[in-house]
Amino acid sequence: QVQLVESGGGLVQAGGSLRLACAAPKSIFSIYNMGWYYQAPGKQRELVAEVTVGGSTYYGDSVKGRFTISRDKVKNTIYLQMNSLKPEDTAVYYCYAERRLSPDTYDDYWGQGIQVTVSS
């Protein structure tokens, strides 16, 4: 039932930049870790980046050094700054919010997905 509002996708040439944004309700933003997965056609979702409530960040190997995730507590929004984009980054990007209730139990919510297309 929680709605995550995504924005910022689009079409860009290789080497260009985009910034994705994902806004969450304050009650969720304050206690959930948030981040992005991506899913290319015919492939499984893979982690792009995550930022925890405490501010720790994690990145998938393919985007390290190119993407930066950040958390804005005033706007209840996370951002993914994507630089030096490659055609292999083309995918649908899904914002998520995850709350760990125990080491093996959690709540999570997902955005609808936003298209990022990088042309050669």
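Just so it is clear, the structure is predicted and the values come from calculations on it, not from any experiment.

K.L.:
Account for the side chain of Thr77, with residues named and values stated.
P.N.:
With respect to the helices and strands, the residue Thr77 is situated in strand β8 (residues 77-82). Using a relative accessible area of 8% as the deciding quantity, one classes Thr77 as buried. At 2.9 Å, the side chain of Thr77 forms a polar contact with the backbone oxygen of Lys75. The contacts of Thr77, once residues within four sequence positions are left out, are Ala21, Cys22, Ala23, Phe29, Ser70, Arg71 and Asp72.

K.L.:
Would you mind going over the pairing of β8 in detail, with residue names and values included?
P.N.:
Counting buried positions along β8 gives five out of six residues, so the element sits mostly inside the fold. Bridge analysis of strand β3 (residues 18-23) against β8 gives six bridges, and the strand direction is antiparallel. Residue pairing across strands places Ala23 opposite Thr77, the latter belonging to β8. As judged from the six bridges shared by strand β7 (residues 67-72) and β8, these two strands associate in the antiparallel manner. Across the sheet, the residue bridging to Ser70 is Tyr79, located in β8. Joining the antiparallel neighbours β7 and β8 is a turn of four residues, in which Asn76 adopts a positive phi near 55 degrees.

K.L.:
Outline the pattern of salt bridges, listing residues and values.
P.N.:
Under the criterion given, the structure shown has three salt bridges. Of the charged contacts, one joins Asp89 and Arg66 as a salt bridge, the two residues approaching to 2.9 Å between their closest N and O atoms. Here Asp89, found in the loop between β8 and β9 (91-102), pairs with Arg66, found in the loop between β6 (57-59) and β7; they are 23 residues apart in sequence, far enough to count as distant. Of the residues examined, Arg66 reaches a relative accessible area of 10% and is grouped as buried.

K.L.:
A description of the packing of aromatic side chains should follow, citing residues and the corresponding values.
P.N.:
The full count for this structure, using the stated rule, is five aromatic pairs. With a centroid separation of 5.5 Å and an interplanar angle of 40 degrees, the aromatic rings of Tyr96 and Trp110 are classed as tilted. Placement of the pair is Tyr96 in strand β9 and Trp110 in strand β10 (residues 105-110), with a sequence separation of 14 residues. Note on Tyr96: relative accessible area 3%, which makes it buried. An aromatic cluster is present here, built from Tyr37, Tyr96 and Trp110 joined pairwise through their rings. Between Arg45 and the ring centre of Trp110, over which it is positioned, the NZ or CZ distance is 4.0 Å. Over the aromatic face of Phe29 sits the side chain of Arg71, whose NZ or CZ is 4.5 Å from the ring centroid.

Rules and cut-offs
Residues numbered from 1 in each chain as written. Predicted model: local features only at pLDDT ≥ 70, side-chain atom pairs only at ≥ 80, totals over all residues. Heavy atoms only, no water. Helix = DSSP H or I, 4+ residues; strand = E, 2+ residues; numbered from the N terminus. Buried < 20%, exposed > 50% of the residue type's maximum accessible area, 1.4 Å probe, protein only. Polar contact = N/O pair within 3.5 Å; in protein donor to acceptor, adjacent residues only side chain to side chain. Contact = heavy atoms within 4.5 Å. Pairing = 2+ DSSP bridges. Salt bridge = Lys/Arg side-chain N within 4 Å of Asp/Glu carboxyl O. Phe/Tyr/Trp six-rings, centres within 6.5 Å; stacked < 30°, edge-to-face > 60°. Lys NZ or Arg CZ within 6 Å of the ring centre and 35° of its normal.

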